[in-house]
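Structure at a glance
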Amino acid sequence: MKSIELEKENPVEITHKISGAQAVVKAIINEGADLIFGYPGGAIMPVYDALYDVEDELSHVLTRHEQGAIHAAQGYARATGKVGVCMATSGPGATNLITGIADAQIDSTALVCITGQVHSHLLGTDAFQETDVIGISMPVTKWNYQVTSAAEIPMAIAKAFYIANSGRPGPVLIDITKDAQFEEIDYRHQVFKGMRSYQSKPQLNRKLLKRAAQLINMAKKPMVLFGQGVILSNAEKEFRAFIEKAGIPSAWTIMGLSALESDHYLNVGMLGMHGNYSPNKMTNECDVLIAVGMRFDDRVTGDLSRYAKQAKVIHLEVDPSEINKNVKTDVAVLGDAKESLAALTDLINEREHKSWLKEFRKLECEEQEIVINEELNPSVDELSMGEVIDTINFFTKGEAIVVTDVGQHQMVTCRYAKFKQTKSLITSGGLGTMGFCLPAAIGAKMGRPDKEVIAVIGDGGFQMTIQELGTIFQSKIPVKIVVLNNEFLGMVRQWQELFFDKRYASTNMINPDFQTIVKGYGITTNKVTHRESLAVAVSDMLKRKGAYFLEVKVGKENNVFPMIPTGSSVSEIRLK
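This structure is a prediction, so every number in the text was calculated from the model and none was measured.

Let us now look at the overall build of the chain. Of regular secondary structure, the chain possesses 23 helices and 20 strands. Against the compact-globule benchmark of 25 Å for 576 residues, the chain has a radius of gyration of 24 Å, which places it among compact chains. Summarising its shape, the C-alpha atoms of the chain cover approximately 70 × 65 × 40 Å along the three principal directions. The buried share of the chain, taken over its 576 residues, is 60%. In the chain, the 61 positive side-chain charges and the 68 negative ones have mean positions that sit 6 Å from each other.

With that settled, the discussion passes to the confidence of the model for the chain. When pLDDT is averaged along the chain, the result is 95, and 97% of the positions lie at 70 or above. Here residues 1-12 is modelled with pLDDT under 50, and outside its nearest four sequence neighbours on either side it reaches 33 contacts, counting other chains as well.

Moving on to the environment of Ile-389. Among the structural elements, Ile-389 can be located in helix α16 (residues 385-396). When the C-alpha atoms of Ile-389 and Glu-452 are compared, they prove to be 15 Å apart, with 63 residues separating the residues in sequence. If sequence neighbours within four positions are ignored, Ile-389 has contacts with Val-412, Thr-413, Tyr-416, Ala-417 and Val-456.

Taken together, the side chains of Asp-49, Asp-53, Glu-55, Asp-56 and Glu-57 make up a negatively charged region of the molecular surface. Note on placement: Glu-55 falls in the loop between α2 (45-51) and β3 (59-62). With a relative accessible area of 51%, Glu-55 lands in the exposed category.

Here we come to the sheet that holds strand β4 (residues 84-88). Across a sheet, paired strands are connected by hydrogen bonds in the backbone, their directions being either parallel or antiparallel. Reading across the sheet, the 6 strands line up as β3-β2-β4-β5-β7-β6 and stay open at both edges, with parallel pairing between neighbours. The sheet is open, and its two edges are formed by β3 and β6 (143-147), each paired on a single side. For this sheet, the mean inter-axis angle between neighbouring strands, taken without regard to orientation, is 20°. Two elements, strand β2 (residues 35-38) and β4, share 2 bridges in a ladder whose sense is parallel. Its bridge partner lying in β4, Gly-38 is registered against Met-87. On the sheet, helix α5 (residues 98-106) packs against β5 (111-117) and β7 (171-177) and is oriented at approximately 145° with respect to β7.

Note on aromatic pairs: each is described by the distance of the centres and the angle between the planes. Here the structure, examined in full by the defined rule, presents 12 aromatic pairs. The interplanar angle of 80° and the centroid separation of 6.2 Å between the aromatic rings of Tyr-162 and Tyr-198 together place this pair among those described as edge-to-face. A residue pair is termed long-range when its members are at least 10 positions apart, and Tyr-162 in helix α7 (residues 153-165) and Tyr-198 in the loop between β8 (184-189) and α9 (206-218) qualify at 36 residues. Members of the aromatic cluster, joined through ring pairs, are Tyr-162, Phe-192 and Tyr-198. Here the basic side chain of Lys-397 rests over the ring of Phe-394, its NZ or CZ set 4.4 Å away from the ring centre.

Of all the residues in helix α23 (residues 534-543), the buried ones are Leu-534, Ala-537, Val-538, Ser-539, Met-541 and Leu-542. On its buried side, α23 packs onto α16, β17 (453-458), β18 (480-485), β19 (524-528) and β20 (548-553).

So, about the sheet that holds strand β11 (residues 267-270). In spatial order, the strands read β11-β10-β9-β12-β13-β14; together these 6 strands make up an open sheet with parallel pairing. Among the strands making up the open sheet, the edge pair consists of β11 and β14 (331-334). Taken over all neighbouring pairs, the strand axes of this sheet differ in orientation by 20° on average, direction set aside. Bridging between strand β13 (residues 312-317) and β14 involves 4 bridges; their strand directions are parallel. Within the sheet, the bridge partner assigned to His-315 lies in β14 and is Ala-332. Across the sheet, helix α11 (residues 236-246) lies against β9 (222-226), β10 (250-252) and β12 (288-292), angled at about 165° from β9, the strand it touches most. Each of β9 and β11 touches helix α15 (residues 354-376); the most contacted strand, β11, lies at about 45° to it.

On to the side chain of Ser-108. Note that Ser-108 resides in the loop between α5 and β5. Here the side chain of Ser-108 touches Arg-168 through a polar contact of 2.9 Å, side chain to side chain.

Two elements in contact, α16 and α23, have axes whose closest approach is 10 Å; the angle formed by their N-to-C orientations is 50°. Taken together, α16 and α23 sit at an angle that is classed as oblique. In this structure, α16 meets α23 at a crossing whose hand is right-handed. Contacts between α16 and α23 pair Glu-387, Val-388, Thr-391, Ile-392, Phe-395 and Thr-396 from the former with Leu-534, Ala-535, Val-538, Ser-539 and Leu-542 from the latter. Class assignment of the residues belonging to the contact of α16 with α23 gives a composition of 7 nonpolar, 3 polar and 1 charged.

Another point: the nonpolar core. In this structure, Phe-242, Leu-289, Ile-290 and Val-552 are the most contacted members of the largest nonpolar core, which totals 99 residues. Element by element, the count of residues in this core is highest for α15, at 7 residues. In contact with Leu-289, not counting residues within four places along its chain, are Met-223, Leu-225, Thr-283, Phe-296, Tyr-307, Ala-308, Ala-311, Lys-312, Val-313 and Ile-314. Core analysis: the second largest hydrophobic core is formed by 45 residues, Ala-27, Ile-44, Ala-110 and Tyr-187 among them.

Moving on: the pattern of salt bridges. Applying the stated criterion across every chain, the model contains 20 salt bridges. Linking Arg-361 and Glu-364 is a salt bridge whose minimum nitrogen-to-oxygen distance equals 2.8 Å. Of this pair, Arg-361 and Glu-364 both sit in helix α15, separated by 3 residues, roughly a single helical turn. Residue Glu-364 is classed as partly exposed on the basis of its relative accessible area, which comes to 24%. Put simply, Arg-448 and Asp-450 hold a salt bridge, and the shortest N to O gap is 2.8 Å. Several salt bridges converge on common partners, so that one network encompasses Arg-168, Asp-319, Glu-322 and Lys-325.

Side-chain positions along a regular strand alternate between the two faces of the sheet. For β4, a buried count of 5 out of 5 residues is recorded, marking the element as mostly surrounded by other parts of the structure. Because side chains alternate across β4, one face comprises the buried residues Gly-84, Cys-86 and Ala-88, and the other comprises Val-85 and Met-87, equally buried. Note that β4 and β5 share 5 bridges and pair parallel. Each bridged residue has a counterpart across the sheet, and for Val-85 the counterpart in β5 is Val-112.

By the element assignment, Ala-23 lies in helix α1 (residues 20-30). When the C-alpha positions of Ala-23 and Glu-532 are compared, they lie 58 Å apart, and in sequence the two are 509 residues distant.

Criteria and cut-off values
Residues numbered from 1 in each chain as written. Predicted model: local features only at pLDDT ≥ 70, side-chain atom pairs only at ≥ 80, totals over all residues. Heavy atoms only, no water. Helix = DSSP H or I, 4+ residues; strand = E, 2+ residues; numbered from the N terminus. Rg over C-alpha atoms; globule rule 2.2 N^0.38 Å. Buried < 20%, exposed > 50% of the residue type's maximum accessible area, 1.4 Å probe, protein only. Lys, Arg positive; Asp, Glu negative; His and termini not counted. Charge placed at Lys NZ, Arg CZ, Asp CG, Glu CD. pLDDT = per-residue confidence, 0-100. Contact = heavy atoms within 4.5 Å. Patch = residues over 30% accessible without salt bridge, like charges linked within 9 Å, V, L, I, M, F, W, Y side chains within 5 Å. Areas by Shrake-Rupley, 256 points an atom, 1.4 Å probe, with all protein chains shown as cover. Salt bridge = Lys/Arg side-chain N within 4 Å of Asp/Glu carboxyl O. Pairing = 2+ DSSP bridges. Axes fitted to C-alpha atoms, helices over the stretch in contact; angles between N-to-C directions. Phe/Tyr/Trp six-rings, centres within 6.5 Å; stacked < 30°, edge-to-face > 60°. Lys NZ or Arg CZ within 6 Å of the ring centre and 35° of its normal. Polar contact = N/O pair within 3.5 Å; in protein donor to acceptor, adjacent residues only side chain to side chain. Parallel < 35°, antiparallel > 145°, perpendicular 65-115°, else oblique. Left-handed = near helix turned anticlockwise from the far one by under 90°. Nonpolar A, V, L, I, M, F, W, Y, C, P; charged D, E, K, R; others polar. Core = buried A, V, L, I, M, F, W, Y, C linked by side-chain atoms within 4.5 Å.

Below, the structure written as structure tokens:
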């Protein structure tokens, strides 16, 4: 199935005759990529053979599973702002990418996925390792395309990179039949400049900007909610200028974390089910709500029928499909966040909202007293996840890139990790993919070798992609791994405790000896079971040059608070 016809462009460069497989590699290099994650197999073998000749230009990282390859590509893309590239063979190789593709789609991560396919004359015959990956991936890709002729390859690759990284980023998949990889063509480097049916950046509507500015200038209790759109459009500077001129308290989604420094005086914390007390409560107290690059998902809004009904809602968004999808807006400004924020800042008055900000501070004190003090300085012997993150903060000074898996540790990390720079928190947000962290941390470290990269993982999620320790071992990737081991699927167990009468059905984990397993991969390892050993262990981990594994035994039945129970209003957030 070819969902969009490939447009023809004027040739820029003519080279000698090469195979389709060589054309794939050359086209990827021409798009500026220098790293690819993947796992070889029969249907993609010609491309791997072509990779063998260009190792100096396009490095390949052999992961231990195709899911590891795509999560690594995600981590690379999120840490660098570039397009992540991964590759797999047909059939099970291609289908093993689907979870990562779906994750990238909902979290707006720019990926180009290359899959091999059986010979074109075998399509539809149920040939060995044939799967309709175009049909399977269509709902979770921004665009996909099947190549059956080598002549299509240069433009298909060029178009894939353009679509993946323009507008609202997302994953693109190119499926290439094996005969197309063998076929020879006169290679012409193609430059894709866009198409009429795809508008990557909506034009700013000046009238709507003026209406938004009027609402902001008249507001007495304005509040900003910001998401990953600020990061994806490289609008951190413009965002900071906007909120500082308007003096508006600003709260973030987990995907928007690190777009604004953690200690910024207008940063009022995390939105959502396990977010901070004040921004959740004040969502239903503000008079103007300004959403920037976020999509009002259910974990942020709680019960939509009781969400911000008192407020005028302004939504700055690049994707028209997000407007009025969940929350009805009064003024919707379509456009790239960097451009929208700069234009809006010119139109607003310079103001302060000191008394309004004080209301946030009062609620912050309540949360500090009831939740945070006990989490960071527990009165019990068991270590808490929060004090582990706080100890990491002490030694990294907010300069590290932190990658998380999914579960209690994810919420605790997002709540307590401190950041000074953007693109510093990498997590699976919309899909909530367990097993994401370890391979994503590999990709992040390879994309940003200058940064300390710390993977924070639960014992459950760690075992979902534990085989990627082999990738770390073989490729000598100096990532730091912290497993918070509570011997439970912690988040599910918390729900079972609170809402299912402590009936812990299939959540207790009998784990292997992680220390022995990690040593088998040649990785330096340590285990902490007592509080007095924690700081020394974290310090030692960060001083080491190579990969390091730190297992920390934490309380088995600790819960993450605050919490908004399912179906409740954000105003009903519980501190305990």
